[in-house]
Amino acid sequence: MNINESNLGTSSFRPCVLSDFDDTAAHQNVAELLLKTFGDSSWETIRAQFRNGDLTLKDYQEIVFRNISVDIPTMQQHVRENASLRPYFGELAEYCCVNNFPMAIVSQGLDFYIEALIQGEGYSSIPIFAVNTSINEKGISYQYNYVRPGNESQGNSKGLIVNNYQKKGHTVYYIGDGRSDFEAALEADVVFAHSVLAEECQRKNIPFIPFRDFGDVLRTLQCNQSKYEMQSNTNNV
Ligand SMILES: [Mg+2]
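Remember, it's a predicted structure, so these values are computed and weren't measured experimentally. (Residues numbered from 1 in each chain as written. Predicted model: local features only at pLDDT ≥ 70, side-chain atom pairs only at ≥ 80, totals over all residues.)

K.L.:
For this particular structure, what's the right way to read the environment of C16?
P.N.:
Within the element layout of this structure, C16 appears in strand β1 (residues 15-19). C16 gets classed as buried once you count the C-beta atoms within 10 Å, which come to 20. Separated by 154 residues in sequence, C16 and H170 have C-alpha atoms that sit 6.0 Å apart. Apart from residues lying up to four places away in sequence, C16 is in contact with F101, P102, M103, Y165, H170 and V172. (Helix = DSSP H or I, 4+ residues; strand = E, 2+ residues; numbered from the N terminus. Buried ≥ 20, exposed ≤ 12 C-beta atoms within 10 Å, placed from the backbone. Contact = placed C-beta atoms within 7 Å.)

As structure tokens, this is what we get:
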């Protein structure tokens, strides 16, 4: 697919890269990796309620992680030992860093398991927009700092985070795989999609680039950067 030239911006090439985490930045669905190991016996029944539409993603996630009895450091250790980043994540992060293009993780998942992998792999400077958790005497509690006003029951809004980067003048490249990414895909300037998100984009006629790994994103950014530089040079003649 050719990217619409108008998406590249006219005055400057200021892309930013926002990636979903579970099944996208991470090869695995890390939430489920943890639930399969540490979840109590009810978690799959509760997941079925979510899949049937009887629970929101927010409620499902809150319940099943509240039922886990091991502590967060134990879960983080499990993530570091069993999860991995999708190929070329590091190369893309390096390219973005060198060119001063923001790159961030945007997830409906929980901060501690995302940090375990992203920071564990050495990418501490990449911001993580996720559900913030804290532990108190009642156990785990959840904070939603990126809610679209009026939509509190849905938890964080990925589309809101896309919009925030666009307001700062960025062309947003968004990468995702799931139903929760569709809201962001509707807002983003360039969409990379796989799995359920790709099917949904196809059904709803949302243009997207098929995603296999972060090499696809890196090549597209490099290609668009050189196109933009050629345009700028032509305009300056
Ligand atoms: Mg995902």
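Moving on from the coordinates now.
K.L.:
In this structure, what is going on with unusual backbone geometry? I would like to understand it.
P.N.:
In terms of backbone geometry, most residues other than glycine have negative phi values and most peptide bonds are trans. The phi angle at N100 is positive, at roughly 65°, despite the residue not being glycine. Relative to the helices and strands, N100 resides in the loop between α6 (89-99) and β2 (103-110). One non-glycine residue with positive phi stands out, namely N205, at about 60°. Inspection of the secondary structure assignment puts N205 in the loop between α10 (195-203) and β7 (209-210).

K.L.:
Explanation requested: the sheet that holds β1 in the structure shown.
P.N.:
Strands belonging to one sheet form pairs held by backbone hydrogen bonds; the direction of such a pair is parallel or antiparallel. Ordered in space as β4-β3-β2-β1-β5-β6-β7, the seven strands form an open sheet in which the pairing is mixed. Each end of this open sheet is capped by a strand with a single partner; those strands are β4 (139-143) and β7. Note: strand β5 (residues 171-176) against strand β6 (residues 190-193), four bridges, orientation parallel. Bridging across to β6, Y173 finds its partner in V190. (Pairing = 2+ DSSP bridges.)

K.L.:
Looking at this structure, how should I read the pairing of β5?
P.N.:
In the case of a regular strand, side chains alternate between the two sheet surfaces. A large share of β5 lies buried, amounting to six of its six residues. Judged by which residues are buried, β5 turns out to be covered on both faces: T171, Y173 and I175 on one side and V172, Y174 and G176 on the other are all buried. Here β1 pairs with β5 via five bridges, running parallel. Looking at the pairing, L18 lines up with Y174 of β5.

K.L.:
Help me understand helix α8 (residues 158-167), please; the structure alone is not making it clear to me.
P.N.:
Because an α-helix packs 3.6 residues into every turn, residues spaced three or four apart end up facing the same way. Along α8, the residues classified as buried are K158, G159, I161, V162 and Y165. Take α8 and look down its axis: the buried residues cluster within an arc of 160°, on one side only. Of the residues flanking the end of α8, it is G169, one or two places downstream, whose phi is positive at about 95°. (Arc of directions from axis to C-beta.)

K.L.:
I would appreciate a short explanation of the nonpolar core in the present structure.
P.N.:
The nonpolar side chains of a soluble globular protein tend to be buried, and buried together. Counting 59 residues, the largest nonpolar core has L18, I105, Y113, Y174, V191, F192 and A193 as its most contacted members. The dominant element in this core, judged by the number of residues it contributes, is helix α7 (residues 111-120), at six residues. (Core = buried A, V, L, I, M, F, W, Y, C linked by C-beta atoms within 7 Å.)

K.L.:
Looking at this structure, I do not really get the pairing of β2. What am I missing?
P.N.:
Taking burial as the measure, the eight residues of β2 include seven buried ones, the bulk of the element. The sheet contact formed by β1 and β2 spans three bridges and is parallel. Residue pairing in the sheet places L18 in a bridge with A104 of β2. Direction of pairing for β2 relative to strand β3 (residues 128-136): parallel, over a ladder of three bridges. Within β3, the residue paired with L110 across the bridge is V131. Of the crossover connections in this fold, the one passing from β2 over α7 to the parallel β3 is right-handed. (Right-handed = clockwise from strand over helix to strand, strands pointing away.)

K.L.:
What am I meant to see in the packing of helix α2 (residues 30-38) against helix α5 (residues 72-82) here?
P.N.:
Each pair of packed helices can be described by the angle between their axes along with the distance between the axes. Axis separation between α2 and α5 bottoms out at 10 Å; the angle between their running directions is 115°. Along this stretch, α2 crosses α5, giving a crossing that reads as right-handed. Where α2 abuts α5, its residues V30, L33, L34, T37 and F38 lie against M75, H78, V79 and N82. Each residue belonging to the contact of α2 with α5 can be placed in one class, and the counts come to six nonpolar, three polar and no charged. (Axes fitted to C-alpha atoms, helices over the stretch in contact; angles between N-to-C directions. Left-handed = near helix turned anticlockwise from the far one by under 90°. Nonpolar A, V, L, I, M, F, W, Y, C, P; charged D, E, K, R; others polar.)

K.L.:
Explain the environment of V162 to me, please; I cannot follow it from the model alone.
P.N.:
In this fold, V162 is placed in helix α8. You can call V162 buried: it has 23 C-beta atoms within 10 Å. Setting aside anything within four residues of it in sequence, one finds V162 in contact with L18, V172, Y174, A184, E187 and A188.

K.L.:
Hey, could you run me through the environment of Q154 in this one?
P.N.:
With respect to the helices, strands and loops of the structure, Q154 is situated in the loop between β4 and α8. Counting along the chain gives 132 residues from Q154 to D22, while the straight-line C-alpha distance between them is 18 Å. Contacts of Q154, omitting those with residues within four sequence positions, involve T56 and K58.

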